[in-house]
Amino acid sequence: LAQLRRESLATHGGDAIPRPWRHLGAFWWASHLLEELTRPAQSLEERVDAAARESGLAAALEAGETVIGLHVRHGDSCA
């Protein structure tokens, strides 16, 4: 965290963004960094892709079919 503070936009302004990407702005730079930091590991991505193929989800999406997702919660989080 200390390194992030030293390199933050609040501390350095636009200088915290590498020169080749400064023209894209702080929002783009922060979004790009977040995308890189939250990208799943290759092994996880492969497991998710395999599950999508096995379940038929990948085929449905490739065919352009409508897919509805539903999350069923069991129990009460307030109890």
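Note that the structure is a prediction, hence the values are computed from the model and not measured.

J.: Can you lay out a nonpolar patch on the surface for me, pointing to particular residues and giving the numbers?
T.: Residues L57, L61 and V67 make up a contiguous nonpolar surface patch of about 250 Å² in total accessible area. Tracing the sequence through the fold places L61 in helix α5 (residues 57-62).

J.: Pulling in residues and values, what's your account of the pattern of salt bridges?
T.: Counted according to the given criterion, the structure contains 2 salt bridges. For E35, the salt bridge is made with R39, and the minimal N-O distance between the two is 3.6 Å. The class for R39 is partly exposed, based on a relative accessible area of 46%. Its salt-bridge partner being R39, residue E36 comes within 3.3 Å of it at the nearest N-O pair. Classification of E36 as partly exposed rests on a relative accessible area of 40%. It is possible to trace a salt-bridge network through shared partners that takes in E35, E36 and R39.

Calculation rules
Residues numbered from 1 in each chain as written. Predicted model: local features only at pLDDT ≥ 70, side-chain atom pairs only at ≥ 80, totals over all residues. Heavy atoms only, no water. Patch = residues over 30% accessible without salt bridge, like charges linked within 9 Å, V, L, I, M, F, W, Y side chains within 5 Å. Areas by Shrake-Rupley, 256 points an atom, 1.4 Å probe, with all protein chains shown as cover. Salt bridge = Lys/Arg side-chain N within 4 Å of Asp/Glu carboxyl O. Helix = DSSP H or I, 4+ residues; strand = E, 2+ residues; numbered from the N terminus. Buried < 20%, exposed > 50% of the residue type's maximum accessible area, 1.4 Å probe, protein only.

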